[in-house]
Amino acid sequence: MDPHYDAQDVARCDLCEVAIVQSYCDFCHVNLCKPCIGEHISDDYSKKHIIVPFQQRRSTPIYPKCEKHPNKTCKYQCKDCNIFLCTDCLASEQHNKEHKLSKLEEVFLQKKDQIHRDKEELKEELLPVYEEIATEIKNQIANLNVDYKKFTTEMSKHREELHREIDNVMDQREKEIDENKLKHLSILTKHLKEIKQLQSLMEESLHNLNEMEESNEVTPTIHYSSKNQEFSKLLPKVIVSMPKFIPKPIEKEELCSLIGKLTPLSTTLEERVFTAKKPNTSVRELLDEPEVLNTIKTGHAHVRSVTCLNEEEIWTSGETTADIKCFNTQGVLQKTIKSKSGEYPGDLAVYSDGALVYSDWDTETVYKVKNDQTEEIIRLQGWTPKQLCVTSSGDLLVTMCSDDGTQSKVVRYSGSTVKQTIQFDDDGQPLYSGNYYPKYITENRNLDICVADSKAGAVVIVYQTGKLRFRYTGPPSSTKKEPFEPFGITTDSQSRILTSDWKNHCIHVLDVHGHFLRYIDNCDLKLPTGLCVDNDDCLFVCEYIKGNAKRIRYLK
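Since we're looking at a predicted model, the values are computed, not measured.

### A look at the sheet that holds strand β12 (residues 348-350)
Two orientations exist for strands paired in a sheet by backbone hydrogen bonds: parallel and antiparallel. Taken together, the four strands give an open sheet; going across it, the order is β12-β13-β14-β15, and neighbouring strands pair in antiparallel fashion. Strands at the two margins of the open sheet, each flanked by one partner only, are β12 and β15 (373-379). On average, each strand axis in the sheet is tilted by 25° relative to the strand beside it, whichever way the strands run. Pairing between strand β13 (residues 356-360) and strand β14 (residues 365-370): five bridges, direction antiparallel. Note on β14: the bridge partner recorded for D360 is T365.

Structural data, given as structure tokens:
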């Protein structure tokens with residue numbers, strides 16, 4: 001048996017293990033076919049077998065046996081004594097007849113109802129909260145290396161700044177040394193010049209004395225006056241003291257304080273408060289006959305994507321042009337922008353502040369456009385961004401496929417930072433088919449993440465935590481001729497899921513649990529692809545070949 005279809009296999013009789021089950025023993029909890037009922041009962045006549053249709057299995061309460069009357073079952077409980085009672089107990093004189101009684105069947109049904117509600121609350125609300133908490137902690141662990149790397153990078157920058165400052169101070173000191181050297185040289189040079197001048201005068205005087213000593217002339221000799229007394233007065237000795245570098249001793253603690261300090265790791269406990277989801281009280285029912293309100297002629301040869309924030313800005317894009325066009329609800333063109341690469345965008349989405357975001361498969365980049373300024377917010381390597389969704393919390397969900405087309409995944413971004421990756425189920429199996437085909441994505445009001453996996457022929461719904469919730473592969477019995485191949489997907493204020501079945505030219509409407517509600521197939525749709533819902537729960541549908549975006553009312 002193919003494991004993918006095990007859950008859909010029919011139940012078999014527990015006795016013969018061949019025939020299809022038709023009945024059930026509510027006492028023994030055994031599946032039975034019609035021929036095996038007699039055999040099962042005949043095995044032990046002492047048991048009070050309860051044979052019911054298989055669809056009503058486990059519906060018959062099995063009451064406890066009475067301790068005082070073994071052949072009787074207890075169907076009452078004394079509220080005062082807190083004991084089970086049978087009809088014989090009530091008729092006897094042993095039990096106080098003034099005590100209040102409750103029927104076990106009523107208590108049983110009340111408890112069953114509480115069990116069901118507790119199970120649903122546990123499955124739908126409590127467990128997803130814990131899974132979200134676990135995912136949050138896992139993401140924190142995964143980001144530890146990145147966070148601490150930033151930490152050490154900041155320290156390295158501070159180290160470089162300190163080194164620069166120390167180098168600047170040392171350069172200043174070296175400059176002061178050079179200035180002192182020049183001053184020192186100037187002083188010694190000046191002193192040397194003065195000495196040389198006196199030497200020159202003495203040389204000249206010595207020459208004159210030699211001539212006079214050899215001369216026999218009387219007059220010059222008589223008038224001679226000695227200058228040796230002047231020369232004997234030596235110039236004062238110039239003593240220039242060398243400058244000294246006096247390093248300042250640095251204490252280790254002082255150095256640490258100069259560099260800065262590291263605050264200690266601190267742990268605090270913040271109380272978590274579980275808040276139950278409030279049901280949507282403003283219920284809007286489906287129209288018997290959906291109607292087309294108007295048709296926007298986009299001018300795109302192959303229109304694929306549509307998204308809107310308000311009735312004045314309905315953004316569309318096609319498959320053959322770089323133009324991204326903005327219309328109002330009446331279909332009047334408001335403005336046109338072009339993708340940065342010149343290739344057609346993979347998909348569009350709009351942030352709550354009106355900023356447009358689009359994926360560019362050619363450059364493997366996601367761009368954001370606001371006030372006519374385009375900025376790159378995500379650049380991938382080895383993966384191609386495909387379809388987009390802005391969540392209620394302001395995160396961006398991106399479906400992407402590997403460059404070799406073998407893997408697909410959903411990645412949640414906060415700005416440019418990866419917060420979550422959704423790729424595998426609990427058994428390690430891929431949640432999404434690996435190929436280049438579109439995988440349109442949206443977030444439901446209950447925070448489920450919904451992906452239309454066209455090639456897999458399935459709508460894949462996971463909880464906010466990324467855990468698989470269910471797959472929708474079409475209604476139980478389809479009246480459509482072609483296989484289910486979903487492309488666009490969106491959700492409305494009632495948490496209904498709408499997905500386009502483009503080969504069957506219709507829209508499937510599901511409830512929040514994935515149960516098929518109806519088709520929208522009366523609006524002359526041709527190859528519907530991208531979907532979105534406006535603030536009034538009107539549905540915009542892209543018609544791939546026609547190049548139209550039809551606005552459809554489908555709720556009362």
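### Observations concerning a nonpolar patch on the surface
A surface patch of nonpolar side chains, amounting to about 850 Å² of accessible area, comprises I137, I141, L144, Y148, F151, M155, L262 and L265. Secondary-structure elements contributing two or more residues to the nonpolar patch are α3 (104-142) and α4 (144-214). The biggest single contributor to the nonpolar patch is α4, with four residues. Locating I137 in the fold gives a position in helix α3. You can call I137 partly exposed: its relative accessible area is 40%.

### Some details on the pairing of strand β21 (residues 449-453)
Counted residue by residue, β21 has five buried out of five residues, so it is predominantly covered. Because side chains alternate across β21, one face comprises the buried residues I449, V451 and D453, and the other comprises C450 and A452, equally buried. Across five bridges, the pairing between strand β20 (residues 439-443) and β21 is antiparallel. The residue of β21 that forms the bridge with T442 is C450. Connecting β20 to the antiparallel partner β21 that follows it, the hairpin turn spans five residues, and L447 within it adopts a positive phi of roughly 75°. Direction of pairing for β21 relative to strand β22 (residues 458-462): antiparallel, over a ladder of five bridges. From the neighbouring strand, C450 faces β22, where its bridge partner is I461. Turn length for the β21-β22 hairpin, with the two strands adjacent in sequence and antiparallel, is four residues, and the turn residue G457 shows positive phi of about 65°.

### Some remarks on the sheet that holds strand β30 (residues 548-555)
Here four strands make up an open sheet; going across it, the order is β7-β30-β29-β28 and the pairing antiparallel. Edge positions in the sheet fall to β7 (286-297) and β28 (528-533), since each has one partner strand and no second. Recorded for the sheet is a direction-independent mean angle of 25° between the axes of neighbouring strands. Bridging between β28 and strand β29 (residues 538-543) involves four bridges; their strand directions are antiparallel. In the sheet register, V533 faces β29, and the bridge partner there is L539.

### A few points about α4
With 71 residues, α4 extends 104 Å between its outermost C-alpha atoms, agreeing within 8% with the 105 Å of an ideal straight helix rising 1.5 Å per residue. Among the residues making up α4, those that are buried are H184, H191 and S205.

### A look at the nonpolar core
One finds V357, I378, L396 and Y413 to be the most contacted residues of the largest nonpolar core, which totals 15 residues. If you list the elements that add at least two residues to this core, you get β15, β16 (383-390), β17 (396-402) and β18 (408-414). Looking at this core element by element, the count peaks at three residues for β17. Residues contacting I378, with those up to four places away along its chain left out, are E364, T365, V366, L396, V398, Y413 and G415.

### What to know about the pattern of salt bridges
Inspection of the entire model under this criterion finds 21 salt bridges. A salt bridge links D323 to K338, with the nearest nitrogen and oxygen atoms 2.5 Å apart. Taken together, the positions of D323 in strand β10 (residues 323-327) and K338 in strand β11 (residues 333-338) put the pair 15 residues apart, joining distant regions of the chain. D323 sits in the buried class, given a relative accessible area of 17%.

### Focus: the side chain of D453
The topology assignment puts D453 in strand β21. Despite its burial, D453 pairs with no opposite charge, the nearest such side chain being K439 at 4.1 Å. Within the structure, the side chain of D453 is placed 2.7 Å from the side chain of S433, a separation counted as a polar contact.

### Examining the pairing of strand β24 (residues 486-491)
Summarising burial for β24: six of the six residues are buried, a large majority. Here β24 pairs with strand β25 (residues 497-501) via four bridges, running antiparallel. Note that in β25 the partner of I489 across the bridge is T499. Connecting β24 to the next strand, β25, in antiparallel fashion are five residues, including S495 with a positive phi near 65°.

About the cut-offs
- Numbering of residues starts from 1 in each chain and follows the order in which that chain's sequence is written.
- The model is predicted, so local features are restricted to residues of pLDDT at least 70 and side-chain atom pairs to those at 80 or more, both for listing and for counting; the totals for chains, interfaces and linings are taken over all residues.
- Only hydrogens and water are removed before side-chain values are computed, so all heavy atoms of the structure are retained for them.
- For two strands to pair, DSSP has to find at least two bridges joining them.
- Only DSSP runs of H or I reaching four residues or more are called helices, and only runs of E reaching two or more are called strands; each is numbered from the N terminus.
- Working convention: axes come from line fits to C-alpha atoms, limited for helices to the stretch in contact. Angles between N-to-C directions cover 0 to 180 degrees.
- A patch consists of residues whose relative accessible area exceeds 30% and which take part in no salt bridge; residues with like charges are grouped when within 9 Å of each other, and nonpolar side chains (Val, Leu, Ile, Met, Phe, Trp, Tyr) when within 5 Å.
- Residue exposure ignores everything except the shown protein chains as possible cover, and the areas themselves are Shrake-Rupley values with a 1.4 Å probe.
- Whenever a carboxyl oxygen of Asp or Glu lies within 4 Å of a side-chain nitrogen of Lys or Arg, that contact is scored as a salt bridge.
- Burial here depends on accessible area, computed with a 1.4 Å probe over protein chains only, as a share of the maximum for the residue type. Under 20% is buried, over 50% is exposed, and the range in between is partly exposed.
- Expected span, for any helix, means 1.5 Å times one less than how many residues it has.
- By nonpolar core we mean a set of buried residues, namely Ala, Val, Leu, Ile, Met, Phe, Trp, Tyr and Cys, connected to one another through side-chain atoms within 4.5 Å.
- Contact definition: two residues touch when any of their heavy atoms are within 4.5 Å.
- We score Asp and Glu as negative and Lys and Arg as positive, and we do not count His or the chain ends.
- For the purposes of these results, a polar contact is taken to be a pair of N or O atoms within 3.5 Å, where, inside protein, one atom must be able to donate a hydrogen and its partner to accept one; residues adjacent in sequence count only when each atom of the pair is a side-chain atom.

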